[in-house]
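Chain by chain, the residues:
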Amino acid sequence: MKKTLIILSLLFGGMTIHQAYAQETVQTEQNPILTGIKPADGQPVTFSSQAELDSTVPGKISALKEEILKNANDSVRVNYLRQQLWRFENAIVVETR
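Quick look at the structure, then. Since the structure is predicted, the reported quantities are computational estimates derived from the model, not experimental observations.

Digging into the overall build of the protein chain
Scanning the protein chain from N- to C-terminus turns up three helices and two strands. Going through the 97 residues of the protein chain one by one, you find that 21% of them count as buried. Sequence separation of 24 or more characterises 77% of the internal contacts of the protein chain that already satisfy a separation of 6 or more. Of the roughly 7,500 Å² of accessible surface on the protein chain, 57% is carried by carbon and sulfur atoms.

This is the structure:
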């Protein structure tokens, strides 16, 4: 009887922890503060090659999102970071001639 109770307690505890973690992950991914804002000039970041874009942009976007979350109480800084996020989310390749 004690073994059954312990097993059920562990199972329930594990499910509760998993659900709390899953909910936190979803909230972070769906947080509206993590969406880019188009800057007034509307200029995206430009790269000279697709390879450079592909190697730089994902890391930069992740870093900007982390920085936004760290500075959530500083609306001016968050606004600036969200504009930078938009620039990287809309990055383009411009061929030099």
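This is not the end of the story, as more comes after the structure.
Brief notes about helix 2 (residues 50–70)
Over its 21 residues, helix 2 runs 30 Å from end to end, which matches the ideal 30 Å to within 8%, given 1.5 Å per residue. What helix 2 keeps buried is the set Leu53, Val57, Ile61, Leu64 and Ile68. Residues of helix 2 that are buried sit in contact with strand 1 (46–47), helix 3 (75–89) and strand 2 (92–93).

Overview of the nonpolar core
Inside soluble globular proteins, nonpolar side chains tend to come together where they are buried. Ranked by size, the top nonpolar core spans 14 residues in total, and within it Phe47, Val57, Ile68, Phe88 and Ala91 carry the most contacts. The set of elements that each furnish at least two residues to this core consists of helix 2 and helix 3. In terms of residue count, the dominant contributor to this core is helix 2 (five residues).

Criteria and thresholds
Residues numbered from 1 in each chain as written. Predicted model: local features only at pLDDT ≥ 70, side-chain atom pairs only at ≥ 80, totals over all residues. Heavy atoms only, no water. Helix = DSSP H or I, 4+ residues; strand = E, 2+ residues; numbered from the N terminus. Buried < 20%, exposed > 50% of the residue type's maximum accessible area, 1.4 Å probe, protein only. Contact = heavy atoms within 4.5 Å. Areas by Shrake-Rupley, 256 points an atom, 1.4 Å probe, with all protein chains shown as cover. Expected span 1.5 Å × (residues − 1). Core = buried A, V, L, I, M, F, W, Y, C linked by side-chain atoms within 4.5 Å.

Bear in mind that shape data such as this cannot, by itself, settle questions of function.
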